[in-house]
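What follows is each chain in one-letter form.
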Amino acid sequence: MHTDIGNALGGDPALTRDGLDELDADVATAHERIADGMADDAFGYTALNLPETADPDRIRNAVAPFADSEAVLTVGIGGSALGAATLCNGLESETDAYFLDNVDPEHTSRLLDSLDLSRTAVNVVSNSGTTAETLSNFLVVREAMADAGVDWAEQTFVTTGPEGNLRNLATKHDLPALDVPEGVPGRFSVLSTVGLAAAAIQGHDIEAVLAGAAEERDRLAGSLYDSPAYAYGATSYALAERGAVTNAFMPYAESLETFAEWFAQLWAESLGKDGRGQTPARALGATDQHSQLQLYRAGPRDKLVTLVRPTERADRGIPETDLEGLSYLGGQSLGTLLDAEFEATEASLTAANCPNVRIEIDRVDERGLGELLFGMEAACICYGELADLSTFTQPAVEWGKKAARGLLGGGEFAEAQAVRGKDRLVVE
Ligand SMILES: O=P(O)(O)OC[C@H]1O[C@](O)(CO)[C@@H](O)[C@@H]1O
């Protein structure tokens, strides 16, 4: 992963090289704490040890019974889906991958109706083993399989923690079960069983994902000028402290669109605390040049724009044309056009004083995705250290869970009362 922070300086919000140099002393301290946390396998920090502690053979052996599946259906939400989806949607495979990470009845029914359930491996993932959306979707999938005359227990494996409903279900039905590594919060678990199992069923080189991550780990150092991950984390933090409270995250590759979703959970759930944080706004290049760019260039001065691209990709030529005004495109390629759009957008942001950072990998392949995923995790942890935030918890999500559970008769919760007491001002 290459991080170019040149365009983050001298914009509005204003960050100077001196400001960054000053911050670098804090990055050295942050790195020490991170390295100590890794050495102690401390909660959260232990996620950065996964490039060496994850066991690809164990994962592959566990999913071997499903190797000839036509499709793999992952039932999970948040960190229990987005990491696997980033790998599966970022890489090509003969085996299709689907994700049930919402409880939209129409979508769930359409998806289940479209699948040959007898040829589909079901990967149920939940760290806590108690998440309502995941468990409900699993019950629906199991019923659909039974209705289709498919032995669901033959097609299903789970990835979960040591306790919880899902672990009990796996034990009761003797399902193959992978363990969520201890001390790894969901949004930091892509480089573990949680993110790698579905990718292994699709036949991806999960060792190469871990090797790319290990390369990025080896670049962690006591200065932001020596570590691409810390350069990104520290620069994002410094700009947020100066008013860039929105991070427009814009990959220039369709294969990285899900990666932007994964990044949004990582950044929002890790850094949104104590009234602080930086709001991730997902975008896609070049598409959102034609929807969002106006705002980035001419709207409030509250943004950092992160542009991500692979420097190598399979290309496709644009045919020569005699159409009026289009000759400049004829004979070029879509890749050349996309790169020109990337560089032009980057320069247009700088010309409008909008701070932006360039993140590049060689290719969107297993190694490249490993670098990006690890790099962004380390960047996030670095940001959390500099901001003195509790990066690895997400207490604010519990209120809504209690309210929903109370509304469904799953217990007495004050939060459910609050929902019932909603103020109404309906305009019809
Ligand atoms: O893996 P689990 O426990 O089902 O949780 C799913 C997701 O829900 C959250 O706990 C938020 O509600 C995320 O942190 C997590 O990634």
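The residue count restarts for each chain, going from 1 along the sequence in the order it is written. The predicted nature of this model means local features are confined to residues of pLDDT at least 70 and side-chain atom pairs, given and counted, to a pLDDT of 80 or more, with totals for whole chains, interfaces and linings taken over all residues. Side-chain metrics rest on all non-hydrogen atoms present in the structure, leaving aside hydrogens and water.

The protein chain appears in an unreviewed UniProt entry as Probable glucose-6-phosphate isomerase from Halolamina salifodinae. Quoted verbatim from the Catalytic activity (unreviewed entry) heading of the UniProt record, the comment on the protein chain is "alpha-D-glucose 6-phosphate = beta-D-fructose 6-phosphate". UniProt positions are given in the numbering used here, feature names are shortened, and annotations may be inferred rather than shown by experiment.

Looking now at the sheet that holds strand 8 (residues 279-282). Spatial strand order, 1-10-9-7-8: five strands in an open sheet with mixed pairing. Looking at strand neighbours, the two that pair on one side only are strand 1 (2-4) and strand 8, the edges of this open sheet. Neighbour to neighbour, the strand axes of the sheet diverge by 20° on average, direction disregarded. Here, strands pair whenever DSSP counts at least two bridges between them. Labels follow the DSSP assignment, with helices taken as runs of H or I lasting at least four residues and strands as runs of E lasting at least two, numbered in each case from the N terminus. As defined by bridge partners, strand 9 (residues 303-310) adjoins strand 10 (residues 356-361) across six bridges and the pair is classed as parallel. From the neighbouring strand, Leu307 faces strand 10, where its bridge partner is Arg358. Strands in contact with helix 12 (residues 257-271) are strand 7 (246-251) and strand 8; relative to strand 8, the strand with the most contacts, it is inclined by about 170°. Contacts: residue pairs with any heavy atoms within 4.5 Å of one another. The convention used is that axes are lines fitted to C-alpha atoms, helices contributing only their stretch in contact, and that angles between N-to-C directions extend from 0 to 180 degrees. With respect to the sheet, helix 15 (residues 366-386) is in contact with strand 7, strand 9 and strand 10, its orientation differing from that of strand 10 by roughly 145°.

A molecule or strand has a residue near it when one of that residue's heavy atoms lies within 4 Å. As a matter of local geometry, the ligand sits amid 13 residues, with Ser80, Ser126, Ser128, Thr131 and Glu269 nearest to it. For the purposes of these results, a polar contact is taken to be a pair of N or O atoms within 3.5 Å, where, inside protein, one atom must be able to donate a hydrogen and its partner to accept one; residues adjacent in sequence count only when each atom of the pair is a side-chain atom. Separating an oxygen atom of the ligand from a side-chain N or O atom of Glu269 is a distance of 2.7 Å. Lys401 places a side-chain nitrogen or oxygen 2.9 Å from an oxygen atom of the ligand. We get accessible surface area from the Shrake-Rupley algorithm with a probe of 1.4 Å; when it comes to residues, only the shown protein chains can shield them. Surface burial for the ligand is 88%, taken as the share of its 390 Å² of free accessible area covered by protein chains. With respect to the pocket detection grid, the ligand is positioned in the largest pocket. Asp, Glu, Lys and Arg are counted as charged, while Ala, Val, Leu, Ile, Met, Phe, Trp, Tyr, Cys and Pro are counted as nonpolar; the rest, among them Gly, fall into the polar class. In terms of residue class, the shell around the ligand is built from two nonpolar, nine polar and two charged. Cavities and pockets were defined on a 1 Å grid built from protein atoms only: a cavity is a group of points that admits a 1.4 Å probe but offers it no way out, a pocket is an open group of points flanked by protein on both sides within 12 Å along at least five of seven lines, and a lining residue is one with an atom within 4 Å of any such point. Just a note on the criterion: a molecule sits in a pocket or cavity if more than half of its atoms are within 2 Å of the grid points.

Here the residue pair Asp12 and Pro13 is connected by a cis peptide bond, since its omega of 5° sits within 30 degrees of zero. Take Pro13: it is sitting in the loop between strand 1 and helix 1 (17-39). A cis amide bond links Gly285 to the next residue, Ala286, at an omega of 10°. Within the secondary structure, Ala286 is located in the loop between strand 8 and helix 13 (293-298). The backbone of Asn353 sits at a positive phi, close to 65°, despite the residue not being glycine. If you trace the backbone, Asn353 turns up in the loop between helix 14 (334-351) and strand 10. Under the scheme applied here, a residue whose accessible area is under 20% of the maximum for its type counts as buried, over 50% as exposed, and between as partly exposed, the area being computed with a 1.4 Å probe on protein chains only. Its relative accessible area of 39% is what places Asn353 among the partly exposed residues.

Before going further, it helps to examine the packing of aromatic side chains. Only centres within 6.5 Å qualify two rings of Phe, Tyr or Trp (six-membered ring in Trp) as a pair; their planes then separate them into stacked at under 30 degrees, edge-to-face at over 60, and tilted for everything else. Under the criterion given, the structure shown has 14 aromatic pairs. Note on Tyr237 and Tyr383: the rings are 5.6 Å apart at their centroids and 75° apart in plane angle, and the pair reads as edge-to-face. In this pair, Tyr237 is assigned in helix 11 (residues 228-241) and Tyr383 in helix 15, connecting sequence segments 146 residues apart. The interplanar angle of 80° and the centroid separation of 5.7 Å between the aromatic rings of Trp267 and Tyr383 together place this pair among those described as edge-to-face. Of this pair, Trp267 sits in helix 12 while Tyr383 sits in helix 15, placing them 116 residues apart in sequence. Here Trp267 matches Tyr383 in class, with each residue buried. Feature note: the residues Tyr232, Tyr237, Phe249, Phe259, Trp262, Phe263, Trp267 and Tyr383 constitute an aromatic cluster, connected by ring pairs. The ring of Trp152 carries the charged tip of Arg142 above its face, separated from the ring centre by 5.0 Å. Seen from the ring of Phe342, Arg309 lies directly overhead, with NZ or CZ sitting 4.2 Å from the centre. Definition used: whenever NZ (Lys) or CZ (Arg) falls within 6 Å of the ring centre and also within 35 degrees of the ring normal, the charge is taken to sit over that ring.

Counting through the fold element by element, Ile359 comes out in strand 10. Along the chain, Ile359 and Ala229 lie 130 residues apart, while their C-alpha atoms are 9.8 Å from each other. Non-local contacts of Ile359, meaning those with residues more than four positions away in its chain, are made with Met1, His2, Thr3, Tyr232, Thr306, Leu307, Val308, Arg309, Leu372 and Met376.

Grid points are joined across faces, edges and corners, and a volume is the space filled by probe spheres set on the points. Taken as a whole, the largest pocket spans an internal volume of roughly 1100 Å³. Surrounding the largest pocket, 36 residues form its lining, Ser128, Thr130, Thr131, Ala132 and Lys401 being those nearest its centre. At the level of elements, strand 4 (120-126), helix 6 (132-147), helix 12 and helix 16 (398-407) are the ones that each hand at least two residues to the lining of the largest pocket. Per-class residue counts for the lining of the largest pocket are 12 nonpolar, 17 polar and seven charged. In this structure, the second largest pocket occupies an estimated 430 Å³ of space. Lining the second largest pocket we find 17 residues, and of these Tyr252, Ala253, Glu254, Ser255 and Arg313 sit closest to its centre. Partitioned by chemical class, the residues of the lining of the second largest pocket number eight nonpolar, four polar and five charged.

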